[in-house]
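Observations on the three-dimensional arrangement
As a plain string of letters, each chain reads:
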Amino acid sequence: MGQRLNIQIEANDTDTNETKVLANCYYHWSGYTSSAMELVKVIVDSGIYNLDILDPVEKAIRLLEATGAGLAEDELTDTYYAPKYKVSTDRNKGLIAISEEGKNSTVKYEELRVTINLTTGSINMSDMFYDETDEFSKEELETKLKNLYELKADLNSSFD
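This structure is a prediction, so every number in the text was calculated from the model and none was measured.

1. Some words on the overall build of the protein chain
- Scanning the protein chain from terminus to terminus reveals four helices and seven strands.
- Its helices and strands in sequence order give the protein chain the pattern β-β-α-α-β-β-α-β-β-α-β, from N to C terminus.
- Buried residues in the protein chain amount to 46% of all 160 residues.
- For the protein chain, long-range pairs separated by at least 24 residues make up 66% of all intrachain contacts whose partners lie at least 6 apart in sequence.

This is how it looks when you write it as structure tokens:
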């Protein structure tokens, strides 16, 4: 079985300031430190966070699509439909959930979580840790680590 990653995109409600999960994404084999960090780097480098997308759910979907993920077929709706949005072809590339049932299912199976808050621009990776036993050769691991975004020691960062 894979190490399952959940990248969760949330925002704060403007009236109550409560946090609401807009979308999340299940990646079957990416629940390793280096794999998760690579996906976060793709999201940050995509520039989508800075785009003026008014629908926060659409923005969350677009951020996750930047990683190669797509909406799970049972997540398509009249508002979020193909071909306007990418449909997932592989759980390893990412299954995006926007329904409550879908988001809860992702959380149920996660072994590692990255949380991105669109209101604050924060990226919380405190669930991750560096472990040399990740399934990479030493050369491959060194290359991956050289190419990763340098994070603060507490693994909390931001789009800035």
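2. Observations concerning the pairing of strand S1 (residues 5-12)
- S1 sits mainly inside the fold: eight of its eight residues count as buried.
- Examined bridge by bridge, S1 and strand S2 (residues 19-27) share eight bridges and lie antiparallel to one another. Within the sheet, the bridge partner assigned to Leu 5 lies in S2 and is Tyr 27.
- Once S1 ends, the chain turns through six residues before running back antiparallel as S2, passing Asn 17 with a positive phi of about 65 degrees.
- Pairing analysis gives six bridges linking S1 to strand S5 (residues 112-117), with the strands arranged parallel. Each bridged residue has a counterpart across the sheet, and for Ile 7 the counterpart in S5 is Val 114.

Criteria and thresholds
Here the residue numbers are simple positions, counted from 1 along each chain's written sequence. Since the coordinates come from a predicted model, pLDDT governs what is reported: local features require at least 70, and pairs of side-chain atoms require 80 or more to be given and counted, while whole-chain, interface and lining totals use all residues. Only hydrogens and water are set aside; all other atoms, that is, all heavy atoms of the structure, feed into the side-chain values. Only DSSP runs of H or I covering at least 4 residues are called helices, and only runs of E covering at least 2 are called strands; the numbering of each starts at the N terminus. The cut-offs for exposure are 20% and 50% of the maximum accessible area for each residue type, with area from a 1.4 Å probe on protein chains only; residues under the lower value are buried, those over the upper are exposed, and the others partly exposed. By definition, residues are in contact when any of their heavy atoms lie within 4.5 Å. A pair of strands is considered paired only if DSSP assigns at least 2 bridges between the two.

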